[in-house]
Amino acid sequence: MTKPGLVYITGASSGIGQALAQHYYQRGWSLALVARRTQVIEQWAKSIGMDEQRYAVYEADVSVINSACRAGQACLERQGLPDIVIANAGISWGVDTSLREDLDVMQQVLACNTMGLAASFQPFIAPMVGRGSGRLVGVCSVAGIRGLPGHAAYSASKAAAISYCESLRVELQKTGVSVTSLLPGYIDTPLTQNNPYPMPFLLAPAEFARRAYRVIERKARYVVIPWQMGIAGRVIRLLPALIWDKMTQGKTRKPRYLKED
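Presented here is a report on the structure given in the accompanying data block.

What counts and how
Residues numbered from 1 in each chain as written. Predicted model: local features only at pLDDT ≥ 70, side-chain atom pairs only at ≥ 80, totals over all residues. Heavy atoms only, no water. Patch = residues over 30% accessible without salt bridge, like charges linked within 9 Å, V, L, I, M, F, W, Y side chains within 5 Å. Areas by Shrake-Rupley, 256 points an atom, 1.4 Å probe, with all protein chains shown as cover. Salt bridge = Lys/Arg side-chain N within 4 Å of Asp/Glu carboxyl O. Helix = DSSP H or I, 4+ residues; strand = E, 2+ residues; numbered from the N terminus. Buried < 20%, exposed > 50% of the residue type's maximum accessible area, 1.4 Å probe, protein only. 1 Å grid on protein atoms, 1.4 Å probe; cavity = no way out; pocket = protein on both sides within 12 Å on 5 of 7 lines; lining within 4 Å. Points joined across faces, edges and corners; volume = space filled by probe spheres on them. Nonpolar A, V, L, I, M, F, W, Y, C, P; charged D, E, K, R; others polar.

**Things to note about a nonpolar patch on the surface**
A contiguous nonpolar patch, built from Trp 227, Ile 231 and Val 235 and spanning about 310 Å² of accessible area, is present on the exposed surface. Mapped onto the elements of the fold, Val 235 is located in helix H7 (residues 227-238). Note on Val 235: relative accessible area 47%, which makes it partly exposed.

**What about the layout of surface pockets?**
Summary: where empty space remains is shown by rolling a probe the size of a single water molecule over the atoms. Estimates place the volume of the second largest pocket at around 220 Å³. Every residue along the wall of the second largest pocket is listed here: Arg 169, Val 170, Leu 172, Gln 173, Lys 174, Thr 175, Gly 176, Val 177, Ser 178, Val 179, Lys 219 and Arg 221. Those elements that place two or more of their residues in the lining of the second largest pocket are helix H5 (152-171) and strand E7 (177-184). Of the residues forming the lining of the second largest pocket, the biggest block, 3 residues, is contributed by E7. Residues belonging to the lining of the second largest pocket are distributed by class as follows: 4 nonpolar, 4 polar and 4 charged.

**Some details on unusual backbone geometry**
That bond from Ile 225 to Pro 226 is cis: its omega, 0 degrees, falls within 30 degrees of zero. The backbone of Lys 174 shows a phi angle near 70 degrees, a positive value even though the residue is not glycine. Residue position: Lys 174 is located in the loop between H5 and E7. According to the relative accessible area criterion, Lys 174 is exposed, its value standing at 89%. Even without being a glycine, Lys 219 presents a positive backbone phi close to 55 degrees. Residue position: Lys 219 is located in the loop between helix H6 (205-217) and strand E8 (222-225).

The quantities given are spatial measurements derived from coordinates; they are silent on function.
See below:
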């Protein structure tokens, strides 16, 4: 078991990010918590009695590269180099790219979910390599395994995130810095609570955090949580395009807004 140190978590004001923050805190870790809604984090931390000496909060919109990078630099200056960085912040918007205005929406999703992940890692990569240790964890999604109707922006952004994490992982081999691609299935967060369709193997955020903690501890390369969705993901990835097209036919939904830090 790794000795508790400092973990840096983006999207920490709700959902998966908040659950991960609480899980790490309960195991003795110090926290660097990043979100747009810093007041929400502060209120939550006080409500559960967090020791003010063990956490710091940084405001950032990770879809803006400079904002994400500044938060990382602020952490380095205030708390030092983290042992673990979890790039969790993400958004999901349904899009119809036959509409001009939805191209702007897609750009925002890609900016947050793909570029925001890379920008969250950037301040820490070289210092971790210099130290010879560190863990970078990209929270991706099973939605990145195949293109989902009505979710073109989200699926594309998460597929790109998966590939980026894999590229970074192989680049950092033998540096002492590990990279984990973490793919949640359906988690009961604000991002999924209004979904109008069945969500098999739905997990509570706290249970996801418990399982993710174990995965990160063993420096896994690529893991789907829950494992049942991992099996489904492997099957889906191998399906011929013709079968996938038939399975998803008619499932395009009207675009709507969902957002999570």
